[in-house]
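Given next are the chains, with one letter for each unit.
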Amino acid sequence: MAVTKTREEIIDWLASYYSAYYDVHEQEGREDPSLPLKLRCDLHVNNQKYLLFKKNVLWEANCHEYVYIFSVPRLSADIYQQLEEYTYKEGMKLVDPVEGHMYTYLTCVVVADEIEPDAAKALKKSRIQKSFRFSLRGWMELHTVALDRSAGRTSTNLSGRANAKLFNKLINS
């Protein structure tokens with residue numbers, strides 16, 4: 001079942017969806033114009049427990065997520081590798097594993113008209129994780145998800161399965 005929405009409509013829907021909790025930054029025309037990056041969405045959550053006064057912090061956990069949304073007509077394995085590397089490289093610049101940092105998720109979202117089988121295979125095998133000071137300062141995971149408009153199918157890596165629910169909701173709406 002093919003998705004009837006265009007890539008631009010899907011990008012607009014994602015921007016609207018993410019804007020409820022995330023800071024959405026339009027990326028078109030920035031940095032590298034040949035890069036198909038459309039949006040970057042940032043989420044920052046600070047949880048802490050204190051005793052009587054806020055200055056008496058017992059524990060603190062800072063969680064971050066950076067979602068990079070790309071749009072390509074045809075996703076090949078080479079293009080996928082380029083997008084994954086860009087997400088990792090740029091996302092790691094934003095990771096700050098200070099005391100209280102729990103985790104940072106970097107999410108690479110690709111909206112494509114068509115996904116080649118070798119690109120889907122590379123996407124599913126992708127597994128990038130990094131711990132900071134033996135996880136005492138948290139960790140980082142790279143999540144990947146791609147929407148194949150022609151097949152109406154979502155592909156994710158193991159850690160990106162939560163994003164598949166969002167895309168399946170998009171396909172069925």
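As a reminder, the structure under discussion sits directly above these lines.
All values reported here derive from a predicted model rather than from experimental measurement. (Residues numbered from 1 in each chain as written. Predicted model: local features only at pLDDT ≥ 70, side-chain atom pairs only at ≥ 80, totals over all residues. Heavy atoms only, no water.)

Let's talk about the overall build of the protein
Along its length, the protein carries four helices and seven strands. Counting from the amino terminus, helix and strand elements in the protein follow one another as α-β-β-β-α-β-α-β-β-β-α. Against the 2.2 N^0.38 benchmark of 16 Å for 173 residues, the protein shows a C-alpha radius of gyration of 17 Å, consistent with a compact globule. Along the three orthogonal principal directions, the C-alpha set of the protein runs to about 55 × 30 × 30 Å. When burial is assessed residue by residue, the protein has 47% of its 173 residues classed as buried. Considering only contacts within the protein whose residues lie at least 6 apart along the sequence, 63% involve residues at least 24 apart. Carbon and sulfur atoms make up 51% of the accessible area of the protein, which amounts to about 9900 Å² in all. The distance from the centre of the 23 positive side-chain charges to the centre of the 23 negative ones in the protein is 7 Å. (Helix = DSSP H or I, 4+ residues; strand = E, 2+ residues; numbered from the N terminus. Rg over C-alpha atoms; globule rule 2.2 N^0.38 Å. Buried < 20%, exposed > 50% of the residue type's maximum accessible area, 1.4 Å probe, protein only. Contact = heavy atoms within 4.5 Å. Areas by Shrake-Rupley, 256 points an atom, 1.4 Å probe, with all protein chains shown as cover. Lys, Arg positive; Asp, Glu negative; His and termini not counted. Charge placed at Lys NZ, Arg CZ, Asp CG, Glu CD.)

Focus: the nonpolar core
The biggest cluster of nonpolar side chains holds 24 residues, and the ones touching the most others in it are F70, L75, L83, V110 and I115. Only strand 3 (57–75), helix 2 (77–94), strand 4 (101–115), helix 3 (117–125) and strand 6 (139–148) provide two or more residues apiece to this core. If near-sequence neighbours (up to four positions away) are discounted, L75 is found in contact with Y80, L83, V110, A112, E114, I115, E116, A119 and A146. Counting residues in each nonpolar core, the second largest holds 19 residues, with V3, A15, I69 and V145 among its members. (Core = buried A, V, L, I, M, F, W, Y, C linked by side-chain atoms within 4.5 Å.)

Examining a negative patch on the surface
Together, E8, E9, D12 and E26 give the surface a local cluster of negative charge. Top element by residues in the negative patch is helix 1 (residues 7–18). It accounts for three residues. Mapped onto the elements of the fold, D12 is located in helix 1. Residue D12 is classed as exposed on the basis of its relative accessible area, which comes to 53%. (Patch = residues over 30% accessible without salt bridge, like charges linked within 9 Å, V, L, I, M, F, W, Y side chains within 5 Å. Salt bridge = Lys/Arg side-chain N within 4 Å of Asp/Glu carboxyl O.)

Brief notes about the side chain of E90
With respect to the secondary-structure elements, E90 resides in helix 2. With a relative accessible area of 14%, E90 lands in the buried category. In terms of polar contacts, E90 uses its side chain to reach the side chain of K93, at 3.1 Å. (Polar contact = N/O pair within 3.5 Å; in protein donor to acceptor, adjacent residues only side chain to side chain.)

Bear in mind that shape data such as this cannot, by itself, settle questions of function.
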